[in-house]
Amino acid sequence: MASLSLKHICKKYGGSNVMAVSDFNLEIKDKEFLVFVGPSGCGKSTTLRMIAGLEEITEGELYIGDRLVNDVAPKDRDIAMVFQNYALYPHMTVFENMAFGLKLRKTPKDEIRRRVEEAARILDIAHLLDRKPKALSGGQRQRVALGRAIVREPKVFLLDEPLSNLDAKLRAQMRTELSKLHQKLGTTFIYVTHDQTEAMTMADRIVVMKEGLIQQVDTPTNLYKNPVNIFVAGFIGSPQMNFVESKLIKKGDDFFVEFGSEDTKTTKGKKYQIKLPAEKNAKGALEPYEDKTVIMGIRPEDVHDEPRYLEQYADYKIKADVEVTELMGAEVFLYVNVEGFNFTARVEPTTTAHPSDTVDIVLDSTKIHLFDKETERTICN
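Residues numbered from 1 in each chain as written. Predicted model: local features only at pLDDT ≥ 70, side-chain atom pairs only at ≥ 80, totals over all residues. Heavy atoms only, no water.

**What to know about the overall build of the chain**
Helices and strands together make up the secondary structure of the chain, namely 9 helices and 21 strands. Along the first, second and third principal axes, the C-alpha atoms of the chain reach 85 × 45 × 35 Å. Counting every position in the chain, which comprises 381 residues, the buried fraction comes to 49%. Across the chain, the fraction of contacts at a sequence separation of at least 24, relative to all contacts at a separation of at least 6, is 65%. (Helix = DSSP H or I, 4+ residues; strand = E, 2+ residues; numbered from the N terminus. Buried < 20%, exposed > 50% of the residue type's maximum accessible area, 1.4 Å probe, protein only. Contact = heavy atoms within 4.5 Å.)

**Thoughts on the sheet that holds strand β9 (residues 205-210)**
Across the sheet, 6 strands lie side by side as β6-β7-β8-β3-β9-β10; this open sheet has mixed pairing. Edge positions in the sheet fall to β6 (79-82) and β10 (213-218), since each has one partner strand and no second. Direction aside, the axes of adjacent strands within the sheet are offset by 15 degrees on average. Here strand β3 (residues 33-37) pairs with β9 via 4 bridges, running parallel. When the bridges of β9 are listed, leucine 34 appears paired with arginine 205. Set on the sheet, helix α5 (residues 168-185) makes contact with β3, β7 (156-160) and β8 (188-193); between it and β8 the angle comes to about 160 degrees. (Pairing = 2+ DSSP bridges. Axes fitted to C-alpha atoms, helices over the stretch in contact; angles between N-to-C directions.)

**Let's talk about helix α2 (residues 94-104)**
Turning to α2, its buried residues are Val94, Phe95, Asn97, Met98, Ala99, Gly101 and Leu102. As for α2, its buried residues are in contact with α3 (109-123) and α4 (138-150). Looking one or two residues beyond α2, the residue adopting positive phi is lysine 106, at roughly 60 degrees.

**Examining the sheet that holds strand β18 (residues 341-347)**
Taken in spatial order, the 5 strands line up as β15-β19-β16-β17-β18 in an open sheet, and their pairing is antiparallel. In this open sheet, the two strands that pair with only one neighbour each are β15 (303-304) and β18. Where strand β16 (residues 318-327) and strand β19 (residues 358-363) come together, 4 bridges link them in antiparallel fashion. Residue pairing for β19: lysine 319 is matched across the bridge by aspartate 360.

**Examining the confidence of the model for the chain**
Looking at the chain, the pLDDT average stands at 90 and 97% of residues meet or exceed 70. Strand β20 (residues 369-372) holds the highest mean pLDDT among the elements of the chain, 97, whereas α5 holds the lowest, 85. (pLDDT = per-residue confidence, 0-100.)

Shown next as structure tokens:
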């Protein structure tokens, strides 16, 4: 098995000065399930292809175990890659597709059969070994592509958006299967996706990327609860975090966030002030921002219309105009407008709110995040 070390890795294409990946530093543990996540064009697939040897590294050093592999051919890196489009040979059976790489390595026939049949058993495709790819569903083709990687018994699995061609139900099923497979094989998995749900459900750690740069590397729980900036906070979580431009004010020893659009001439509109818990000012984090504009963040599940919360935060009720409601089964998404600011609330299905209603909502002040307006870095979580 293998750990990986990426030291100051950069990728520049041609003569351009644009870096696809810039100063990428990461230590990947043996047997870890690591996920690269980010929007299209952020450099995650390029990084994966550099690990595979399919892209040349412009600068920096890549180690697999203790071995520097910058100039080692892909076939000699002891890795296996699973692509988005499966890349199966249409004229070969499932057995032949899975065995092809082993045949090229002149592996004995008995050993090939043993490995293929074992991988087919693990992936539950033993009954498909005589079929050709055109006779398989998308999910079955994906399993064959995984099987072809498994039979090589590599130190590292690289998976480049392997589930993006599947429908939603099958994607959810395959996420579970991949997590089980990782546990069975006890091998290092490096997985690329733009789908943060995939990242959150499968990863031991997540690498969030934007424009070729690492934004944060952390466990799913820490990324969700303690994002380091607005980009991470907005990218992780569905629906995404609500962001509201606010003013941070101090009354005595207490800090409040203030937002709204009060018009003193017409008496229209209203400004709301929400008291922040004292722990938000740990080590004086809020002091430099007194009377300054900050960005307040609050996740949809921390915006409430339930009576128990309205009672708990009775002094901080907010009038919200309901624009759209979405029943999701076990929960309802409310899309509301508060003084020109849009909020999404994830509430219980017992809600009585309907479009065009005006309802009371409250924000769970313990779950408020504050961000620096200029740098977009986190002030407090």
